[in-house]
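In case you want the letters, here they are:
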Amino acid sequence: MHFATRAVHAGRVSDGLGSVAPPLVQGVNFEQPRGVASVPRYTRYNNTPTIVLVQQRLASLEGSEAAVCLSSGMGATSCAMLALLRPGDHLLSSAWIYGGTHRLFTEELPKMGIEVTFVDPLESRGWRLGMKDNTRAIFVETPVNPTCRVLDLKPISALTRELGVALVVDSTFASPVNLRPLEHGADIVIASTTKYLNGHHDMLGGAVFGSQAYIDEVTQKMMVWGQAPDPFACWLLERGLKTLHIRVQRQNENAMALAQWCEAHPAFAKVHYPGLPSHADHALAASTMDGFGGMLSLELVGGAAAADRMVEKLALVLHAVSLGGVDTLICEPRFSSHAHMTSGQRAEIGIPDGFLRVSVGIEDVRDIIADFSQALA
Ligand SMILES: *Cc1c(COP(=O)(O)O)cnc(C)c1O
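Now for a description of the structure that goes with this document. (Residues numbered from 1 in each chain as written. Predicted model: local features only at pLDDT ≥ 70, side-chain atom pairs only at ≥ 80, totals over all residues. Heavy atoms only, no water.)

### Notes on the overall build of the chain
Working step 1: The number of helices and strands found in the chain is 14 helices and 12 strands.
Working step 2: A compact globule built from 377 residues would reach a C-alpha radius of gyration of about 21 Å, and the chain, at 21 Å, matches this within 12%.
Working step 3: Seen through its principal axes, the chain has C-alpha atoms that stretch 75 × 55 × 35 Å.
Working step 4: Of all 377 residues assigned to the chain, the portion counted as buried reaches 53%.
Working step 5: Long-range contacts, defined as pairs at least 24 residues apart, comprise 72% of the intrachain contacts of the chain with a sequence gap of at least 6.
Working step 6: Accessible area of the chain: about 16,400 Å², with a carbon and sulfur share of 55%.
Working step 7: Between the centroid of the 30 positive side chains of the chain and the centroid of its 37 negative side chains there is a distance of 3 Å. (Helix = DSSP H or I, 4+ residues; strand = E, 2+ residues; numbered from the N terminus. Rg over C-alpha atoms; globule rule 2.2 N^0.38 Å. Buried < 20%, exposed > 50% of the residue type's maximum accessible area, 1.4 Å probe, protein only. Contact = heavy atoms within 4.5 Å. Areas by Shrake-Rupley, 256 points an atom, 1.4 Å probe, with all protein chains shown as cover. Lys, Arg positive; Asp, Glu negative; His and termini not counted. Charge placed at Lys NZ, Arg CZ, Asp CG, Glu CD.)

### Focus: the nonpolar core
Working step 1: Membership of the largest hydrophobic core comes to 30 residues, with the highest contact counts inside it found for Met81, Leu91, Phe105, Leu109, Val208 and Tyr214.
Working step 2: If you list the elements that add at least two residues to this core, you get strand S1 (66-70), helix H3 (73-84), helix H4 (99-108), strand S4 (135-141), strand S5 (166-170), strand S6 (188-192) and helix H8 (212-225).
Working step 3: The greatest single-element share of this core, amounting to six residues, is contributed by H3.
Working step 4: If we ignore the near neighbours within four places in the chain, the residues touching leucine 91 are Met81, Leu85, Phe105, Leu109, Glu115, Val116, Thr117, Ala137, Ile138 and Phe139.
Working step 5: Among the nonpolar cores identified, the runner-up in size contains 28 residues, and Leu61, Ala191, Ala207 and Leu323 belong to it. (Core = buried A, V, L, I, M, F, W, Y, C linked by side-chain atoms within 4.5 Å.)

### Describing the sheet that holds S6
Working step 1: Pairing in this open sheet of seven strands is mixed, and the strands run S1-S7-S6-S5-S4-S2-S3 from one edge to the other. Either end of the sheet is taken by a strand with one partner, and the two such strands are S1 and strand S3 (115-119). Sheet twist, expressed as the mean angle between neighbouring strand axes with direction ignored, is 20°.
Working step 2: When strand S2 (residues 90-94) meets S4, the two strands line up parallel, connected through four bridges. Bridge pairing links serine 93 to phenylalanine 139 in S4.
Working step 3: Across the sheet, H8 is in contact with S1, S6 and strand S7 (206-210); its angle to S1 comes to roughly 15°. (Pairing = 2+ DSSP bridges. Axes fitted to C-alpha atoms, helices over the stretch in contact; angles between N-to-C directions.)

### Concerning the sheet that holds strand S11 (residues 329-331)
Working step 1: Reading across from one edge, S8-S9-S12-S11-S10 is the order of the five strands in this open sheet, with mixed pairing throughout. On the outer flanks of this sheet lie strand S8 (268-272) and strand S10 (318-319), each paired with one strand and no other.
Working step 2: Bridge count between S11 and strand S12 (residues 356-359): three bridges; the pairing is antiparallel. Looking across to S12, one finds that leucine 329 is bridged to serine 359.
Working step 3: Contacting S8, strand S9 (295-300) and S12, helix H10 (residues 244-264) runs over the sheet at an angle of about 155° to S8.
Working step 4: On the sheet, helix H12 (residues 303-313) packs against S8, S9, S10, S11 and S12 and is oriented at approximately 125° with respect to S9.

### A word on the pairing of S3
Working step 1: In this structure, S2 lies alongside S3, joined through five bridges in parallel fashion. If you follow leucine 92 over to S3, its bridge partner there is threonine 117.

### Digging into the site of the ligand
Working step 1: As a structural note, the neighbourhood of the ligand is formed by 13 residues, with Met74, Asp170, Ser192, Thr194 and Lys195 the closest of them.
Working step 2: Measuring from a nitrogen atom of the ligand, one finds a side-chain N or O atom of aspartate 170 at 2.7 Å.
Working step 3: The separation between an oxygen atom of the ligand and a polar side-chain atom of lysine 195 is 2.9 Å.
Working step 4: In isolation the ligand offers 380 Å² of accessible surface; the protein chains occlude 92% of this area. (Near = heavy atom within 4 Å. Polar contact = N/O pair within 3.5 Å; in protein donor to acceptor, adjacent residues only side chain to side chain.)

### Remarks on helix H9 (residues 231-241)
Working step 1: The buried fraction of H9 amounts to eight of the 11 residues, a majority that puts the element mostly inside the structure.
Working step 2: For H9, the full list of buried residues reads Pro231, Ala233, Cys234, Leu236, Leu237, Glu238, Gly240 and Leu241.
Working step 3: In this structure, the buried residues of H9 make contact with helix H1 (3-9), helix H2 (49-62), S1 and H10.
Working step 4: The N-capping residue of H9, defined by a side-chain oxygen 3.0 Å from the backbone nitrogen of phenylalanine 232, is aspartate 230.

### Focus on the packing of H10 against helix H14 (residues 365-376)
Working step 1: Direction vectors running N to C along H10 and H14 enclose 30°, while the axes themselves pass 10 Å from each other. With respect to H14, the axis of H10 lies roughly parallel. Handedness of the H10/H14 crossing: right-handed. Residues Asn254, Ala257, Leu258, Trp261 and Cys262 of H10 form the contact with H14, whose participating residues are Val365, Ile368, Ile369, Phe372, Ser373 and Leu376.
Working step 2: In the contact of H10 with H14, the residues fall into nine nonpolar, two polar and no charged. (Parallel < 35°, antiparallel > 145°, perpendicular 65-115°, else oblique. Left-handed = near helix turned anticlockwise from the far one by under 90°. Nonpolar A, V, L, I, M, F, W, Y, C, P; charged D, E, K, R; others polar.)

### Considering the pairing of S1
Working step 1: With five of five residues buried, S1 is to be regarded as a mostly interior element.
Working step 2: Burial along S1 is two-sided: the face carrying Ala66, Val68 and Leu70 and the face carrying Ala67 and Cys69 are both buried.

### Observations concerning the side chain of asparagine 254
Working step 1: Structurally, the position occupied by asparagine 254 is in helix H10.
Working step 2: Note on asparagine 254: relative accessible area 3%, which makes it buried.
Working step 3: Within the structure, the side chain of asparagine 254 is placed 2.8 Å from the backbone oxygen of glutamate 363, a separation counted as a polar contact.
Working step 4: Excluding residues within four positions of it along the chain, asparagine 254 makes contact with Val360, Gly361, Ile362, Glu363, Val365 and Ile368.

Scope: geometric values only; no functional claims are made or implied.
Put into structure tokens, the structure is as follows:
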């Protein structure tokens, strides 16, 4: 069946009641057959009905053999790495990654005897040069937060295949509507389901996608490190997934219209959106992605002071972190995800002060543009 149908139906089983909407089974423990050894149904084992359903739905949409849900995107990345890496292993990572992932790689994994080094993804030979005898995996994020750069997975997956190491892709920004990294040679996909997959800013979760054997290992880590999701969060996620394709299509359209409007407006010095021909990765995004996404970034001619003034005046568009939901949000990375860096360090990775990140929602784009227009006036 096609994506939109699977988004509504995949993983559905009869509950014996005939409920059209899958019931929320919030119970933690279940009656067990007496006198026989069996794995109990228990929420921390991710084997209870609401969780099992949403895991099957997610695997179907991402095109993976299996998927496991976790309590957050960071829980997903942490357990994915714990299942993949052992003391003495080396992980080669893109330098352009989410702030929390960066902390995991620089503060936590080294304490467990796992070495992590970073590659500037713009250096085409960087990946091969960065490989060591003990390299077990390459980690990348695409599209990149918050610069909206798009990475070419093809040469990276050619290298990981040649050397027999895993390619791990955090594709939170894309959602499987716009990009399914497994189709481009990735072995493992990670997503924060908090973002597009749920899409309503009302649950926290993460997911890991891959082969059944690998997902079983991640599930073991999830059980022991206590990163299981709550059934209610999974139920909200399942409800959100039903409209994923519609929401993301609308967000793609709205973001394109807003990006074009901003690019034509004299107040903006730069508009970063992969759908614009002016974007450095436009051709790559057009040939590898099914949509350009709902995220864009802006730099104002007036710099940081102008950015602060604009954010102050926005009324419909909310000033808040996180992304991928139905509400349009704006945030300044220097005050949120990249607050731990100096102004100079941020500028070096393409995030000068005054850089604004917009997560475009599903509102009527004319109202989003009107809000931007009055804020700039
Ligand atoms: C938000 C985000 C995460 C972390 O997800 P949480 O659900 O907040 O733990 C990881 N990667 C990317 C790209 C994100 O945007």
